[in-house]
Amino acid sequence: MSMVYDEYGRPFIILREQQAKTRLQGLEATRSNSLAARSISTLLRSSLGPKGLDKMLVSPDGDVTITNDGATILQQLQVDHPVARFMVELSVSQDDEIGDGTTGVVVLAGALLEQAEGLLLKGISPVRIAEGYERAVQVALKTLDDIAETMDIHADNHAALRTTAMTTLSSKIGSSHKDKMAEIAVQAVLSVADLDRKDVNFDRIRVEGKTGGSLEDAQLVHGIVIDKEISHPQMPKEIKNAKLCILTCPFEPPKPKTKHKLEITSPEAYERLYQQEQDYFTDMVKKVKDSGANLVICQWGFDDEANHLLHVNDLAAVRWVGGVEMEHIAMATGGRIVARFQEITSGKLGHAKCVRQVQFGKETMLVIEDPVNTTAVTVLVRGGSKMIVDEAKRSLHDAMCVVRNLIRDNRIVYGGGSAETACSLAVSKFADTVTGVDQYAIRAFASALDDIPMALAENAGLSPIDEVAAAKSKQLKEGVPTIGQGVDRDANADGTHICDMREVGVFETLMGKKEQLLLAVQVTKMILKIDDVISPSAHFG
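Values in this document were obtained by computation on a predicted structure and should not be read as measured data.

A. Representation of helix H5 (residues 102–121) within the structure. Counted at 1.5 Å a residue, the expected span for H5 with its 20 residues is 28 Å, and the 30 Å between its end C-alpha atoms agrees. Of all 20 residues in H5, 16 are buried, a share of seventy percent or more. Backbone geometry just after H5 places Gly123 at a positive phi near 90°.

See the structure below:
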């Protein structure tokens with residue numbers, strides 16, 4: 001029971017005994033938090049790298065997701081422990097900021113916590129460990145800057161961008177088609193990129209999926225693709241030089257906003273009411289026709305009467321288009337979203353060279369090609385099942401994020417665990433110059449960095465200790481920081497699979513690698529500095 005005393009010496013209780021039962025303090029709290037975070041890291045470890053395994057996640061509703069994307073796995077887990085949620089947020093932060101490396105950042109954070117627990121058992125303060133990690137990560141970041149190379153992203157028809165995208169896709173579901181998928185990702189990003197300002201507008205890229213076909217059937221459409229069809233079977237299925245009227249108002253007579261009752265007592269009254277309704281429809285269609293539009297995109301539905309009138313007036317129409325699609329269409333075609341029929345003018349119309357309805361098996365989609373005012377692209381992904389399509393969409397998103405990062409900062413480091421091995425050697429060398437307790441934490445940081453290449457080798461079915469030792473030995477002897485784990489290569493004469501990642505063409509962005517280290521150290525320091533966990537008890541009144 002926790003008690004304090006007032007100025008008269010009278011004790012009073014801060015924490016009731018019932019609540020103290022759910023309280024962890026000191027080393028016990030730190031180890032409990034570390035264990036919870038490391039359990040998340042262990043879960044993702046087998047999904048790291050090109051040979052990483054997938055996870056099958058079944059939601060409470062029975063929906064099945066198969067993926068090896070770290071952020072997706074963690075977002076769909078039902079995580080209760082508050083510190084384990086830090087690891088979920090860590091992966092999401094990496095996904096939001098970089099788009100790739102979501103598994104690696106969690107594995108690295110777990111390795112740092114595992115090393116820290118060994119130091120805690122030796123009696124080293126969590127504060128000293130955190131400070132040692134902070135000094136070590138600065139050395140690692142400087143090493144990354146030193147070994148980084150600058151790529152000419154314009155050379156050889158943007159070959160560097162394609163190679164980076166292929167490195168990312170090698171661990172995804174589309175690895176067998178990574179050449180085509182990488183080309184699609186690069187062309188999609190370049191279509192919306194401003195290379196002079198090094199800026200990429202991701203809002204202009206849509207990724208749509210349709211079951212059927214194979215991943216090889218994926219294609220890049222210079223325009224907008226929406227999962228809709230022309231509303232009337234006799235309307236034209238292809239409109240050249242389309243002028244789009246984008247409406248958020250329904251094709252129907254206005255409805256009173258108060259309760260009302262209408263009694264019709266004679267055929268003449270019914271005829272007048274019918275004629276008035278026809279006048280409403282005719283006036284709406286006339287306003288659209290007078291503006292010069294030849295295609296109506298409507299957010300709401302309309303009945304057969306309005307559909308027939310639009311067809312008679314040679315106006316093709318699409319109904320029940322979602323709000324997000326409406327915004328994309330308006331942005332791509334240069335049109336304005338119109339909320340009232342009275343506001344329709346020719347200046348608010350969107351323009352595209354062609355709008356056509358495309359058939360995919362029994363399914364139809366609407367393709368708005370070559371919008372004239374601005375650049376917008378859609379990646380259309382095909383696959384044998386919805387799960388494959390969803391995973392392919394996630395893979396393409398990661399690839400496009402990596403291409404965007406390389407356009408923003410064209411410095412790269414080589415993959416296959418070579419960058420982590422080089423940083424580990426540099427941090428170990430730095431630890432030899434440090435006196436005091438901090439050197440233990442700095443060496444622990446170097447050991448944690450080795451966990452990434454070890455996981456890559458282990459997931460490929462190789463001997464992790466032999467492979468990492470061989471890579472470190474060769475880097476030290478030859479002074480080449482690009483030696484990494486060649487998990488797809490045949491064995492060397494000594495039985496190991498290490499190789500020069502520069503020759504293999506496996507590299508990743510410097511920006512993404514730095515972000516991994518910084519985020520992993522930040523979350524590790526935050527967990528280590530928690531020494532008291534007070535959670536509400538069921539008996540606390």
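B. Geometry of the pattern of salt bridges. Using the criterion set out here, one finds 29 salt bridges in the structure. A salt bridge links Glu149 to Arg502; its shortest N-O distance comes to 2.4 Å. Of this pair, Glu149 sits in strand S6 (residues 149–150) while Arg502 sits in helix H17 (residues 501–504), and the two are 353 residues apart along the sequence. Looking at Glu149, the relative accessible area reads 23%, which means it is partly exposed. Looking at Arg502, the relative accessible area reads 40%, which means it is partly exposed. Note that Glu343 and Arg340 form a salt bridge whose closest N and O atoms lie 3.0 Å from each other. Here the salt bridges share partners, and the residues they tie into one network are Arg128, Glu131, Arg135 and Asp438.

C. Representation of the environment of Arg197 in the model. Assignment of secondary structure puts Arg197 in the loop between strand S7 (193–194) and strand S8 (199–200). Judged by its relative accessible area of 60%, Arg197 falls in the exposed class. Residues Arg197 and Lys240 lie 43 residues apart in sequence; the distance between their C-alpha atoms is 34 Å.

D. Fine view of the pairing of strand S17 (residues 363–371). The buried fraction of S17 is high, at seven of nine residues. Note that strand S16 (residues 350–360) and S17 share eight bridges and pair antiparallel. What sits directly across from Val355, in S17, is Ile368. The antiparallel hairpin formed by S16 and S17 contains two residues in its connecting segment, where Gly361 sits at a positive phi of about 65°.

E. The state of the cysteines, seen in detail. Under the defined criterion, the tally for this structure stands at zero disulfides. Cys249 supplies the cysteine sulfur nearest to Cys298, a cysteine that is in no disulfide, at a spacing of 6.6 Å. For Cys298, a relative accessible area of 0% corresponds to the buried category. Summary of cysteine pairing: Cys354 is not part of a disulfide, and the nearest cysteine sulfur, belonging to Cys245, is at 19 Å.

F. Summary view of the packing of aromatic side chains. All chains considered together, the criterion is met by two aromatic pairs. Summarising the aromatic geometry, the rings of Tyr414 and Phe507 are spaced 6.1 Å apart at their centres and angled 85° between planes, so their arrangement reads as edge-to-face. Of this pair, Tyr414 sits in strand S19 (residues 411–414) while Phe507 sits in strand S22 (residues 507–509), and the two are 93 residues apart along the sequence. Given a relative accessible area of 8%, Tyr414 falls into the buried group. Stacked on the ring of Phe202, the Lys or Arg Arg404 has its end atom at 5.0 Å from the ring centre.

G. Local environment of helix H7 (residues 159–169). Summarising burial for H7: nine of the eleven residues are buried, a large majority. What H7 keeps buried is the set Ala159, Ala160, Leu161, Arg162, Thr164, Ala165, Thr167, Thr168 and Leu169. For H7, the elements touching its buried residues are helix H8 (178–192), helix H12 (386–408) and S22.

H. Looking closely at the sheet that holds S19. Read from one edge to the other, the open sheet built from three strands follows the order S6-S19-S22, with strand pairing classed as antiparallel. Either end of the sheet is taken by a strand with one partner, and the two such strands are S6 and S22. Bridge count for S6 against S19 is two bridges, and the pairing is antiparallel. From the neighbouring strand, Thr150 faces S19, where its bridge partner is Arg411.

I. Representation of the nonpolar core within the structure. Residues Ile129, Tyr133, Leu144, Val427 and Phe445 are the most contacted members of the largest nonpolar core, which totals 60 residues. Here this core gets eleven residues from one element, more than from any other, and that element is H5. Setting aside residues no more than four positions away along its own chain, Tyr133 makes contact with Leu112, Gln115, Ala116, Ala441, Ala444, Phe445, Val521, Thr524 and Leu528. Core analysis: the next-biggest nonpolar cluster, separate from the first, contains 43 residues, Ile239, Ala242, Phe302 and Leu310 among them.

J. Main features of the environment of Glu515. Structurally, Glu515 is set in helix H18 (residues 510–528). Spatially, the C-alpha atom of Glu515 lies 33 Å from that of His222, the residues being 293 residues apart in sequence.

K. Region of the structure containing the sheet that holds strand S9 (residues 205–211). Taken in spatial order, the three strands make up an open sheet running S9-S18-S10, and their pairing is mixed. Whereas interior strands pair on both sides, the edge strands pair on one side only; in this sheet they are S9 and strand S10 (219–221). The average angle at which neighbouring strand axes cross in this sheet is 25°, direction not considered. In this structure, S10 lies alongside strand S18 (residues 377–383), joined through three bridges in antiparallel fashion. Bridging across to S18, Leu220 finds its partner in Val379. Contacting S9, S10 and S18, H8 runs over the sheet at an angle of about 160° to S18.

L. Spotlight on the side chain of Ser231. In this structure, Ser231 sits in the loop between strand S11 (223–226) and strand S12 (238–247). Relative accessible area serves as the criterion here: at 13%, Ser231 is assigned to the buried category. Within polar-contact distance, the side chain of Ser231 engages the side chain of Asn307 at 2.8 Å. With residues near it in sequence (within four places) discarded, Ser231 still touches Phe302, Asn307, Ala317 and Arg319.

Quick notes on the rules
- Residues numbered from 1 in each chain as written.
- Predicted model: local features only at pLDDT ≥ 70, side-chain atom pairs only at ≥ 80, totals over all residues.
- Heavy atoms only, no water.
- Helix = DSSP H or I, 4+ residues; strand = E, 2+ residues; numbered from the N terminus.
- Expected span 1.5 Å × (residues − 1).
- Buried < 20%, exposed > 50% of the residue type's maximum accessible area, 1.4 Å probe, protein only.
- Salt bridge = Lys/Arg side-chain N within 4 Å of Asp/Glu carboxyl O.
- Pairing = 2+ DSSP bridges.
- Disulfide = S-S within 2.5 Å.
- Phe/Tyr/Trp six-rings, centres within 6.5 Å; stacked < 30°, edge-to-face > 60°.
- Lys NZ or Arg CZ within 6 Å of the ring centre and 35° of its normal.
- Contact = heavy atoms within 4.5 Å.
- Core = buried A, V, L, I, M, F, W, Y, C linked by side-chain atoms within 4.5 Å.
- Axes fitted to C-alpha atoms, helices over the stretch in contact; angles between N-to-C directions.
- Polar contact = N/O pair within 3.5 Å; in protein donor to acceptor, adjacent residues only side chain to side chain.

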